[in-house]
Amino acid sequence: MLEKKWWHNSVVYQIYPRSFCDSNNDGIGDLRGIISKLDYLKELGIDVIWLSPVYKSPNDDNGYDISDYRDIMDEFGTMEDMDNLLKEANDRGIKILMDLVLNHTSDEHKWFMEAKKNPNSKYRDYYVFRKPVDGKEPNEMKSTFSGSAWELDKNSNEYYLHLFSKKQPDLNWENEEVRNELYDMINFWIDKGVGGFRLDVIDLVGKEPDKLITANGPKLHEYINEMNINTFGKYDLLTVGETWGATPKIAKLYSNPIRNELSMVFQFEHISLDEIPGKTKWDLAPLNFIKLKEVFNKWQTELDNEGWNSLFWNNHDLPRIVSRWGNDSEEYRELSAKMLATVLHMQKGTPYIYQGEEIGMTNVVFDSIDEYNDIELLNMYKERISEGYKEEDIMKSIYAKGRDNARTPMQWDDSLNGGFSKVKPWLKVNPNYVDINVKNNLEDENSIFNHYKKLIKIRKNEDVVVYGDFKLLYKDHNSIFSYIRELNDEKILVVANFYDKDEEFVLDKSIKYEGCEILLSNYKDSSKDIEKINLRPYEAIIYKLK
Ligand code: GLC
Ligand code: CA
């Protein structure tokens, strides 16, 4: 059995500050806006806020390009506002996770400016500069945001590496001084009283560009262990790494407590199940539902006592789950949003809720590419147009997968701009704010918000949800998602219909029980006769078995 940790039964809420709440009506969300909504988050029942980056940044990638790790972005407020946010959150028993972008800085960071200005300065080796090969890029490495990962610095006629935008030069982790600078900075934030960190694309820091190695480089775990020992390992903090390339085996390297690396990682295997294998996220394929269950089952069972899972459907890089794998029609939006939440939240691991998910916010369809903001999708658009793709097909990919789906402003009420701001926001509000908003959700006992609130309560009340074993039922069924959680004599059964046709569920004979109680359902009159249940569209029920 794992040693118990405070974050084992915590629920995390992710805030994308730019889009959360605008306190001074300049169209951009800010720290004071967040402070004004802490009581709302307390009401939901979350324990931790993961704050997407709030540091100084020229915003080429909305804060994931940091020009000063120890200062706050002007649009978001001041360090005093940040200190107030920490205090106000801590007063409510809510911890704050800072987003650490350690793989790269902004090209406007003073280290990079020095490195460019003076090739002989020590800062040159903070980054990855290489001489041209045959007058061209050193090798064929590609940027996640389209095109080559190498950009020519005309001044010195050398290329620098950027695995993301050219305004996000990669740091050279092989340089010990770079690592120590970053550890000092992490300690600066620990001293301010943060509850932990989310580590952006952390699996890239062990890269070996000359060997074309990006994720999971040979020194990766050595570095993370070193970081742990020099910074957060000395305290009782939550750390979660973003690791697109993690398998369960790799996740155990990160999160097995005896190794002193991280608390847990975000794995993305389930998230890639609706793209054409081997292609990009923009190459759409229908969700393989059987595979989805297989992937969850694998992660739920394989980490076991040697690691810890994070549970999520959404973040600021992903489309809205209710539009993606639920059903955002008027008839089924609420039912399917609750079903998806139920299926995820009763699993073993720490759940993450992304702002707006708790009210069932949906994807957005803007008519013109000019209305979009995200660098990833804009670069993809340009690249595919030049490669001869049909515009209509490109827009289809953007509607399905574009990151701006998650970034439209939070919908607080049905007033102008959804109550986010009194002026035109930096990114258009989804016009459905008139019906989908926080105010409606708070007024309705059966809202999606209240469903999330109840799911969080169940986790707090039932140890079996936190520590119980996971067993998948009905693994080959085309529509039913069902599993059992078990801890000593405690049993929780989850039965869910993932689609909009009625389905019959028959309980596996091997499951012994004497009576059952419904802990939560998304229908008012769900059956208590669990031998055989007629599941209605998107029906999802949590039973406690005796
Ligand atoms: C991570 C972030 C994403 C960002 C990228 C580069 O994937 O979640 O938003 O663009 O890293 O920092
Ligand atoms: Ca503002």
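It should be emphasised that the depicted structure is a prediction, and the values quoted were computed from it without experimental measurement.

All right, on to the overall build of the protein chain then. Across its full length, the protein chain carries 16 helices and 20 strands. For a compact globule of 546 residues, the expected C-alpha radius of gyration is about 24 Å, and the protein chain comes in at 23 Å, within 12% of that figure. Counting only contacts in the protein chain whose residues sit at least 6 apart along the sequence, the fraction spanning at least 24 positions is 69%. Seen as two clouds, the 72 positive and the 96 negative side-chain charges of the protein chain have centres 2 Å apart.

Moving on: the UniProt feature "domain: Glycosyl hydrolase family 13 catalytic" (unreviewed entry) in the protein chain. Mapped onto this numbering, the UniProt entry annotates "domain: Glycosyl hydrolase family 13 catalytic" (unreviewed entry) at residues 14–407. Between the C-alpha atoms that bound residues 14–407 there is a distance of 12 Å. The span itself is 32% helix and 12% strand.

Within the element layout of this structure, Glu261 appears in the loop between helix H7 (248–255) and strand E11 (264–266). A distance of 2.8 Å separates polar atoms of two side chains, one belonging to Glu261 and the other to Arg259.

Attention now moves to the coordination of the calcium ion (ligand 2). Note on metal sites: the ideal angle is 109.5 degrees for four tetrahedral donors, and 90 or 180 degrees for six octahedral donors. Around the calcium ion (ligand 2), the protein contributes the donor atoms Asp22 (OD), Asn24 (OD1), Asp26 (OD), Ile28 (O) and Asp30 (OD), which lie 2.2 to 2.4 Å from the metal centre. Read N to C, the donor residues that coordinate the calcium ion (ligand 2) are spaced as D-x1-N-x1-D-x1-I-x1-D.

Around ligand 1 sit 14 residues in total, of which Asp61, Asp200, Glu242, His316 and Asp317 are the nearest. For ligand 1, an oxygen atom lies 2.5 Å from a polar atom in the side chain of Asp61. Asp317 is positioned such that a nitrogen or oxygen atom in its side chain is 2.5 Å from an oxygen atom of ligand 1. Broken down by class, the residue content of the shell around ligand 1 amounts to 4 nonpolar, 3 polar and 7 charged.

Before going further, it helps to spend a moment on the sheet that holds strand E10 (residues 238–242). Strand pairing in a sheet relies on backbone hydrogen bonds, with the paired strands running either antiparallel or parallel. Reading across from one edge, E11-E10-E9-E5-E2-E1-E13-E12 is the order of the 8 strands in this open sheet, with parallel pairing throughout. A strand with exactly one partner marks an edge of an open sheet, and here the two such strands are E11 and strand E12 (310–311). Relative to strand E5 (residues 95–100), helix H3 (residues 79–91) is tilted by about 140°, and along the sheet it contacts strand E2 (48–51) and E5.

Before going further, it helps to examine the packing of helix H6 (residues 220–230) against H7. For any two helices packed against each other, the geometry is given by the interaxial angle and the distance between the axes. Between H6 and H7, the shortest axis-to-axis distance is 10 Å and the interhelical angle comes to 30°. Relative to H7, the element H6 is oriented roughly parallel. When H6 is examined against H7, the residues Leu220, His221 and Ile224 are found in contact with a partner set consisting of Ile250, Leu253 and Tyr254. Of the residues in the contact of H6 with H7, the class split is 5 nonpolar, 1 polar and no charged.

So, about the domain arrangement of the protein chain. Segmentation of the protein chain into domains returns domain 1 (6–102 + 177–449), domain 2 (104–170) and domain 3 (469–545). The C-alpha centroid of domain 3 is placed 30 Å from the C-alpha centroid of domain 1. Of the residues lining the interface, 23 residues belong to domain 1; the matching set on domain 3 comes to 25 residues. Summed over both sides, the interface between domain 1 and domain 3 buries roughly 2,200 Å², with carbon and sulfur atoms accounting for 69% of that surface.

As paired strands, strand E7 (residues 150–153) and strand E8 (residues 158–161) are joined by 4 bridges and run antiparallel to one another. Pairing of Trp150 across the sheet is with Leu161, part of E8.

All right, on to helix H8 (residues 289–302) then. Counted at 1.5 Å a residue, the expected span for H8 with its 14 residues is 20 Å, and the 20 Å between its end C-alpha atoms agrees. Within the sequence span of H8, burial applies to Phe289, Leu292, Lys293, Val295, Phe296, Trp299 and Gln300. Seen from one end, H8 has its buried residues packed into an arc of 160°, which puts them on one side. Where H8 is buried, its residues contact H7, E12, helix H10 (333–345), strand E14 (469–473) and strand E15 (480–487). Structurally, the start of H8 carries an N-cap: the backbone nitrogen of Ile290 is 3.4 Å from a side-chain oxygen of Asn288. Where H8 ends, the next residue or the one after it, Asp304, has phi of about 45°, a positive value.

For Asp134, which is not glycine, the phi torsion reads 50° and is therefore positive. Tracing the backbone through its elements, the reader meets Asp134 in the loop between strand E6 (129–130) and E7. Its relative accessible area of 73% is what places Asp134 among the exposed residues. For Asn260, which is not a glycine, the phi torsion comes out positive at approximately 55°. Along the chain, the position of Asn260 falls in the loop between H7 and E11. Assessed through its relative accessible area of 41%, Asn260 is described here as partly exposed.

Rules and cut-offs
Residues numbered from 1 in each chain as written. Chains lettered and ligands numbered in written order. Predicted model: local features only at pLDDT ≥ 70, side-chain atom pairs only at ≥ 80, totals over all residues. Heavy atoms only, no water. Helix = DSSP H or I, 4+ residues; strand = E, 2+ residues; numbered from the N terminus. Rg over C-alpha atoms; globule rule 2.2 N^0.38 Å. Contact = heavy atoms within 4.5 Å. Lys, Arg positive; Asp, Glu negative; His and termini not counted. Charge placed at Lys NZ, Arg CZ, Asp CG, Glu CD. UniProt positions renumbered as here; feature names shortened; annotations may be inferred. Polar contact = N/O pair within 3.5 Å; in protein donor to acceptor, adjacent residues only side chain to side chain. Donors = N, O, S within 2.8 Å, 3.2 Å for Na, K, Ca; no water. Near = heavy atom within 4 Å. Nonpolar A, V, L, I, M, F, W, Y, C, P; charged D, E, K, R; others polar. Pairing = 2+ DSSP bridges. Axes fitted to C-alpha atoms, helices over the stretch in contact; angles between N-to-C directions. Parallel < 35°, antiparallel > 145°, perpendicular 65-115°, else oblique. Domains from an automatic or database assignment. Buried area = accessible area lost by both parts, 1.4 Å probe. Expected span 1.5 Å × (residues − 1). Buried < 20%, exposed > 50% of the residue type's maximum accessible area, 1.4 Å probe, protein only. Arc of directions from axis to C-beta.

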